[in-house]
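Structural features, examined
Residue-level listing of the chains:
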Amino acid sequence: MAKWDYKFDYENIFENPDTEDEIYFATNGRPICALRLYNFVTDSDKLIENHKVGIYKYIFTPLRSQTDYWINLVGYASKIGDRGYNSDLSLRRCAQVQNEILTGKNKLYVAEFRRKVARGSDASTDAANDDYGYWRSVKIYAHKGAPPPPNPQPKPVQPAFVDQKFQIQLMGGQSISLFKMLGRDNYTFKIKNVETNETACFLYTGTSISVGGPGSPVSWSGSGPWAGFTISTRFKMSLDDFNDLTVSLAQQPGVTMGQDSVMGKFILDFNRNDNKRLVIREVIINPSSVTISSDSGYGISTAISASSGRLRKIECPRDPSAPDWA
């Protein structure tokens, strides 16, 4: 059976505290004044005239001489209607009470409205579809002093760092000198996930600068042995994560001529600040600069050449040293 209006439109909470009030006092401390506004019109967030009388008597009058206080609001709704809708309705009722305190005829300069709590119809002990005015209400708790700091949010648990072993191999490529000190690098690398044995190939292109002397007009390098490196990160990386990665490539000065190469090794540097994906994922590559050899090739350079470019994933070219079982 539905019930309608409560006998009061407002009430000093200290004169008739309920169980939720006692819990509130124990948690937040006793306020300097506390008021409950009853009998909001069903499905409405607007204050009735008697609510403004209660706010003047029990909130404005004791607080107008105060200079340092804060207020919490708790909204309620009756059992009529959807639970989620009632929660939203109770929050809108709190907002209307706050607006009246701040902008009404007897407005107050409140230090802070710290919390607006939507209890909705959850607190009501009535039967379903009861519309008792006791629950169509808003509680006002006004506290003296600075509000306590909010409860700290628990920090999310970070997964532990995972080590993954990778290998990289030079498959071939060339450097072409454009204007003595400038050149163009085009090299293909193969990267292997040691754990899964999966491989993928990447084309590197970049504009190089020679330091210490002119480079060779043309330097050609063939495939070389694998060079290992380790990646530590909280989330496992796949070979696709190397695609579109910015790296630097340097080549030592030396003579490259087939198996009788002297120096001329390549240094691939992953440790670049513009690799935002690696920074965000806290990726640590060790060593960050991987030294890679070429077992075959031709080139003469008295300079250190260094370039910057990107790794682009491509279909792997066939390794001429591998047997053709077709």
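The structure this text deals with has already been given above.
Fair warning: this is a prediction, and the values are worked out from it, not measured in the lab. (Residues numbered from 1 in each chain as written. Predicted model: local features only at pLDDT ≥ 70, side-chain atom pairs only at ≥ 80, totals over all residues. Heavy atoms only, no water.)

Our focus in this paragraph is unusual backbone geometry. Omega for the peptide link from asparagine 286 to proline 287 comes to -5°, which places this bond in the cis form. Along the chain, proline 287 falls in the loop between strand 15 (284-286) and strand 16 (289-292). Although it is not a glycine, asparagine 197 sits at a positive phi angle of roughly 65°. Counting through the fold element by element, asparagine 197 comes out in the loop between strand 7 (182-193) and strand 8 (199-211). (Helix = DSSP H or I, 4+ residues; strand = E, 2+ residues; numbered from the N terminus.)

With respect to the helices, strands and loops of the structure, aspartate 240 is situated in the loop between strand 10 (227-233) and strand 11 (245-251). Within polar-contact distance, the side chain of aspartate 240 engages the side chain of lysine 313 at 2.5 Å. (Polar contact = N/O pair within 3.5 Å; in protein donor to acceptor, adjacent residues only side chain to side chain.)

Another point: the sheet that holds strand 2 (residues 33-37). Each strand in a sheet pairs with another by means of backbone hydrogen bonds, the pair being arranged parallel or else antiparallel. Strand order in the open sheet made by the five strands is 1-2-5-3-4, with mixed pairing throughout. The open sheet has two edge strands, strand 1 (10-12) and strand 4 (112-120), and neither has a second partner. Taken over all neighbouring pairs, the strand axes of this sheet differ in orientation by 15° on average, direction set aside. In the sheet, strand 2 pairs with strand 5 (residues 138-144) via five bridges, with the strands oriented antiparallel. Note on strand 5: the bridge partner recorded for alanine 34 is tyrosine 141. Those strands touched by helix 2 (residues 49-63) are strand 1, strand 2, strand 3 (69-76) and strand 5, and its axis lies near 175° from that of strand 2. Contacting strand 2, strand 3, strand 4 and strand 5, helix 3 (residues 83-103) runs over the sheet at an angle of about 150° to strand 4. (Pairing = 2+ DSSP bridges. Axes fitted to C-alpha atoms, helices over the stretch in contact; angles between N-to-C directions. Contact = heavy atoms within 4.5 Å.)

Formed by 27 residues in total, the largest nonpolar core has its most connected members in Ile168, Phe189, Phe229, Phe242, Phe270 and Ile292. For this core, the elements supplying multiple residues, two or more each, are strand 6 (162-179), strand 7, strand 8, strand 10, strand 11, strand 14 (266-269) and strand 16. If sequence neighbours within four positions are ignored, phenylalanine 242 has contacts with Phe166, Ile191, Phe202, Phe229, Ile231, Phe270 and Leu311. Cys33, Leu35, Val97 and Val110 belong to the second largest nonpolar core, which has 22 residues in total. (Core = buried A, V, L, I, M, F, W, Y, C linked by side-chain atoms within 4.5 Å. Buried < 20%, exposed > 50% of the residue type's maximum accessible area, 1.4 Å probe, protein only.)

When the terminal C-alpha atoms of helix 3 are compared, their 30 Å separation across 21 residues agrees well with the 30 Å that a helix rising 1.5 Å per residue should span. Of the positions making up helix 3, those classed as buried are Asn86, Leu89, Ser90, Arg93, Cys94, Val97, Gln98, Glu100 and Ile101. Residues of helix 3 that are buried in the fold lie against strand 2, helix 2, strand 3, strand 4 and strand 5. One side-chain oxygen of the residue at the start of helix 3 lies 3.0 Å from the amide nitrogen of glycine 84, identifying that residue as aspartate 82. (Expected span 1.5 Å × (residues − 1).)

Considering all chains together, one arrives at 21 aromatic pairs under this definition. Between the aromatic rings of phenylalanine 166 and phenylalanine 229, the centroid separation amounts to 5.9 Å while the plane-to-plane angle is 15°, which identifies the pairing as stacked. With a gap of 63 residues between them, phenylalanine 166 in strand 6 and phenylalanine 229 in strand 10 connect regions that are remote in the sequence. Among the residues examined, phenylalanine 229 registers a relative accessible area of 2% and is labelled buried. Members of the aromatic cluster, connected to one another through ring pairs, are Tyr6, Phe8, Tyr38, Tyr76, Tyr132, Tyr134 and Trp135. Directly above the ring of phenylalanine 25 sits arginine 30, whose terminal nitrogen or CZ lies 5.6 Å from the centroid. We note lysine 192 situated over the ring of tryptophan 226; from NZ or CZ to the ring centre the distance is 4.7 Å. (Phe/Tyr/Trp six-rings, centres within 6.5 Å; stacked < 30°, edge-to-face > 60°. Lys NZ or Arg CZ within 6 Å of the ring centre and 35° of its normal.)

Across all of its chains, the model carries 16 salt bridges by this definition. Residues aspartate 18 and arginine 36 are paired through a salt bridge, measuring 3.1 Å at the closest nitrogen-oxygen approach. Taken together, the residues aspartate 18 in the loop between strand 1 and helix 1 (19-28) and arginine 36 in strand 2 connect sequence positions 18 residues apart. Here aspartate 18 falls in the buried class, since its relative accessible area comes to 18%. For aspartate 122, the salt bridge is made with arginine 83, and the minimal N-O distance between the two is 2.8 Å. Taken together, the residues aspartate 122 in the loop between strand 4 and strand 5 and arginine 83 in helix 3 connect sequence positions 39 residues apart. Residue classification places aspartate 122 among the partly exposed residues on the basis of a relative accessible area of 39%. (Salt bridge = Lys/Arg side-chain N within 4 Å of Asp/Glu carboxyl O.)

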